[in-house]
Amino acid sequence: MIKRTLKQICSMMNNAEPLTSGIQQISITGVSTDTRTIQAGNLFVPLMGENYDGHQYAQQAYNLGAVAVLWQRDHKLSPVDIPVILVDHTLEALQQLAASYRQQLPVRVIGITGSNGKTSTKDMVASVMGNRFRVHKTKGNLNNHIGLPQTLLQMDETTEIAVVEMGMSGRGEIELLSRMACPDAVIITNIGEAHMLQLGSREEIAKAKFEIMAGLRNDGVLIYLGDEPLLRELIPSQGTDFDIISFGSDSMLNDYSPQDIHIDIKQTRFSVTTSNNSKLITELAIPLLGRHNVINALAAVAVAEFFGLDESTIRSGLLQTELTGMRIELLQAKNGLTILNDAYNASPASMKAALLLLEELLGYQHRLVVLGDMLELGPQSESFHRDIGKLINSLNFDYIFTFGEMAAYIAEECRAQYSPNHVFEASDKAELAKQIATVVTPQDIVLVKASRGKRLEELVEALMQIE
């Protein structure tokens, strides 16, 4: 993590100055924006929102071990006896500090964005690159205008590769993140329907994701899903000072494509062909389930080869991938019931991928799906949920459970194909858990998926206790 004197910290931010003299040689180790995570030696950065003001916690942060705080000039006088650096805006100062720190280190950055699959791709890329380099990666979901600077400032000075997610809530945010991180390689996993509410169309979502190019360094590389026409339309045809590599399921469109995919309950095995079948990489495996994760793995293979890693290093790195939780996490209840916990987030594209995965998993007495609302889909939300129901009607499951107002449209569509006593709706998680418990056996498998706001991990916890 960052280690600097306050004098150096001031030089890394615009218009920053110590409030009192004599504190410039104080050294900080690490940065925190939350008193719950304060560690001894931290610089505390008080952020502000609609319902909170971090300046109110400066004294508490100091008492917990922070050695200095930033202070926004338009606020009333800071607490006495605390080393303070005055800045025009604390969030912007945090971002400037992170950008300066990144420029001071000889680290190479891999930036990843996309509507779905960012975190899984980040985990695979970090695992592969970690076989050769000292790697730092985004923890959890710290991928926005606050999380990314925190991620950069957490880097050790010996870090060789940083693998960072870049998320968004609207136009302009990914551009800000890209210019802050100045990536040497960027990956765009896909374009889905998430953020339709904010941006209105997939075309606008594609443009927002493509903002990741804003900070790409000369002689870097763009790695993108070539199956997506909206991304292909944005790719410059000539005059670029960076490499362009595509990946995807269509071998005619992409530089990297998969073949011979085999899925079992523990891993997915596959091979990779490169452009015009000029090279075949065989015997690859990931401890993830689903064809969609194979596509994400192609991006990891592509960026690894760009950085000079050989096939053996790539192969072992993919196999060693450790995933961030609740992304098709394989669990087992007390009674032996198999649970696929994919409750972290959901969109039409990721919901479809999870359902197709469940369809491929054989050897279970019953296959059950538990689906909650997909959020932030805008005016087309009902239509997107009905489409999921229609997809389920073309597949072969035994029981359908839904949770939430929008997910009820999934159940409504499913009743056209499934008998009434195999489709259930619920608005209470405890009641939903009881309904599921009445029909499952130890030989069954159940998929649980919804947007994060529905908190279906609470349902998963209840299912784990079934005896």
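Everything numeric in this text was worked out from a predicted model, so none of it was measured. (Residues numbered from 1 in each chain as written. Predicted model: local features only at pLDDT ≥ 70, side-chain atom pairs only at ≥ 80, totals over all residues. Heavy atoms only, no water.)

Participant: Would you take a moment to explain the overall build of the protein for this structure?
Facilitator: The secondary structure content of the protein amounts to 16 helices and 22 strands. The globule rule puts the C-alpha radius of gyration for 467 residues at 23 Å, and the 24 Å found for the protein is close to it. Across its three principal axes, the protein shows a C-alpha extent of roughly 75 × 55 × 40 Å. Burial status across the protein gives 57% buried among its 467 residues. Looking at the protein alone, contacts between residues at least 24 apart form 64% of all its contacts between residues at least 6 apart. Accessible area for the protein stands at about 19,500 Å²; split by element, carbon and sulfur atoms hold 46% of it. If you average the places of the 39 positive and of the 55 negative side-chain charges in the protein, the two averages end up 3 Å apart. (Helix = DSSP H or I, 4+ residues; strand = E, 2+ residues; numbered from the N terminus. Rg over C-alpha atoms; globule rule 2.2 N^0.38 Å. Buried < 20%, exposed > 50% of the residue type's maximum accessible area, 1.4 Å probe, protein only. Contact = heavy atoms within 4.5 Å. Areas by Shrake-Rupley, 256 points an atom, 1.4 Å probe, with all protein chains shown as cover. Lys, Arg positive; Asp, Glu negative; His and termini not counted. Charge placed at Lys NZ, Arg CZ, Asp CG, Glu CD.)

Participant: Please explain the pattern of salt bridges as it appears in this structure.
Facilitator: Side chains bearing opposite charge may pair, as long as their charged atoms lie close to each other. Enumeration according to the criterion identifies 26 salt bridges in this entry. The partner of Glu165 in a salt bridge is Lys122, and the shortest N-O contact between them spans 3.3 Å. Separated by 43 residues along the polypeptide, Glu165 in strand E10 (residues 161-165) and Lys122 in helix H4 (residues 118-129) bring together distant segments of the chain. Overall, the relative accessible area of 0% leaves Glu165 in the buried class. (Salt bridge = Lys/Arg side-chain N within 4 Å of Asp/Glu carboxyl O.)

Participant: Hey, could you run me through the sheet that holds strand E5 (residues 43-44) in this one?
Facilitator: Across a sheet, paired strands are connected by hydrogen bonds in the backbone, their directions being either parallel or antiparallel. Spatial strand order, E2-E7-E6-E5-E4: five strands in an open sheet with mixed pairing. Two strands bound the open sheet, and with one partner strand each, they are strand E2 (17-18) and strand E4 (31-32). Bridge count between E2 and strand E7 (residues 84-87): two bridges; the pairing is antiparallel. Bridging from a neighbouring strand, Pro18 pairs with Ile85 of E7. Across the sheet, helix H3 (residues 90-104) lies against E4, E5, strand E6 (68-72) and E7, angled at about 125° from E6, the strand it touches most. (Pairing = 2+ DSSP bridges. Axes fitted to C-alpha atoms, helices over the stretch in contact; angles between N-to-C directions.)

Participant: Looking at this model, I keep getting lost on the packing of H4 against helix H11 (residues 311-319). Mind explaining?
Facilitator: How two helices sit against one another is set out by the angle between their axes and by the gap between those axes. Direction vectors running N to C along H4 and H11 enclose 130°, while the axes themselves pass 7 Å from each other. Here H11 runs oblique to H4, going by the angle between their axes. The hand of the H4/H11 crossing is right-handed. Residues Met124, Ser127 and Val128 of H4 form the contact with H11, whose own contacting residues are Thr313, Ile314, Gly317 and Leu318. Along the lines of polarity and charge, the residues of the contact of H4 with H11 split into four nonpolar, three polar and no charged. (Parallel < 35°, antiparallel > 145°, perpendicular 65-115°, else oblique. Left-handed = near helix turned anticlockwise from the far one by under 90°. Nonpolar A, V, L, I, M, F, W, Y, C, P; charged D, E, K, R; others polar.)

Participant: Got a minute to help me understand unusual backbone geometry in this structure?
Facilitator: A negative phi angle is the norm for most residues apart from glycine, just as the trans form is the norm for most peptide bonds. With phi around 55°, Asn15 is a residue other than glycine that occupies positive phi space. Tracing the backbone shows Asn15 in the loop between helix H1 (6-11) and E2. Here Arg455, not a glycine, exhibits a phi torsion of approximately 55°, which is positive. Within the fold, Arg455 resides in the loop between strand E22 (445-449) and helix H16 (457-464). A residue is classified by how much of its surface remains accessible, and Arg455, at 40% relative accessible area, is partly exposed.

Participant: Any chance you could explain the side chain of Asn393 here in plain terms?
Facilitator: Following the sequence through the fold, Asn393 ends up in helix H13 (residues 381-393). With a relative accessible area of 18%, Asn393 lands in the buried category. Residues contacting Asn393, with those up to four places away along its chain left out, are Glu413, Cys414, Ala416, Gln417 and Tyr418.

Participant: Would you mind showing me how to read the packing of aromatic side chains here?
Facilitator: For the coordinates displayed, the defined rule picks out three aromatic pairs. Look at Phe401 and Phe424: their rings are 4.9 Å apart centre to centre, the planes differ by 10°, and that puts the pair in the stacked class. Of this pair, Phe401 sits in strand E20 (residues 399-403) while Phe424 is found in strand E21 (residues 423-426), placing the two residues 23 residues apart along the sequence. Relative accessible area serves as the criterion here: at 0%, Phe401 is assigned to the buried category. Feature note: the residues Tyr399, Phe401 and Phe424 constitute an aromatic cluster, connected by ring pairs. (Phe/Tyr/Trp six-rings, centres within 6.5 Å; stacked < 30°, edge-to-face > 60°.)

Participant: What am I meant to see in the sheet that holds strand E17 (residues 329-332) here?
Facilitator: Read across the open sheet, the six strands follow the order E17-E18-E22-E19-E20-E21; overall the sheet is mixed. Strands at the two margins of the open sheet, each flanked by one partner only, are E17 and E21. Ignoring strand direction, the axes of neighbouring strands in this sheet form an average angle of 20°. Sheet analysis places E17 next to strand E18 (residues 338-342), joined by four bridges and oriented antiparallel. Paired with Gln332 across the strands is Thr338, a residue of E18.

Participant: Whenever I open this one, the pairing of strand E8 (residues 108-113) confuses me. Can you help?
Facilitator: For a regular strand, side chains alternate in direction, first toward one face of the sheet and then toward the other. Burial runs high along E8: five of the six residues are buried. Here E8 runs beside strand E11 (residues 185-188); their pairing, made up of four bridges, is parallel. Looking at E11, one finds that Ile112 is bridged to Ile187.

Participant: What am I meant to see in the environment of Ile328 here?
Facilitator: Relative to the assigned elements, Ile328 resides in the loop between H11 and E17. The sequence separation of Ile328 and Leu340 amounts to twelve residues, and the corresponding C-alpha distance is 5.4 Å. In this view, Ile328 contacts Leu289, His292, Asn293, Leu340, Asn341, Asp342 and Leu357; residues no more than four positions away in its chain are not counted.

Participant: I tried to follow the environment of Leu43 on my own but got confused; where do I start?
Facilitator: With respect to the element layout, Leu43 can be found in strand E5. Considered as a pair, Leu43 and Asp342 are 299 residues apart in the sequence and their alpha carbons are 36 Å apart. With sequence-adjacent residues up to four places away left out, Leu43 is seen in contact with Ile9, Ile28, Gly30, Val31, Ser32, Ala68, Val69, Leu70 and Leu97.

Participant: Got a minute to help me understand the pairing of E22 in this structure?
Facilitator: Within E22, five of the five residues are buried, which leaves the element mostly enclosed by the surrounding structure. Along E22, one buried face is formed by Ile445, Leu447 and Lys449 and the opposite face, lined by Val446 and Val448, is buried too. Sheet topology places E18 next to E22; five bridges connect them, and they run parallel. Within E22, the residue paired with Asp342 across the bridge is Lys449. Sheet topology places strand E19 (residues 367-372) next to E22; five bridges connect them, and they run parallel. Directly across from Val369, in E22, lies its bridge partner Leu447.

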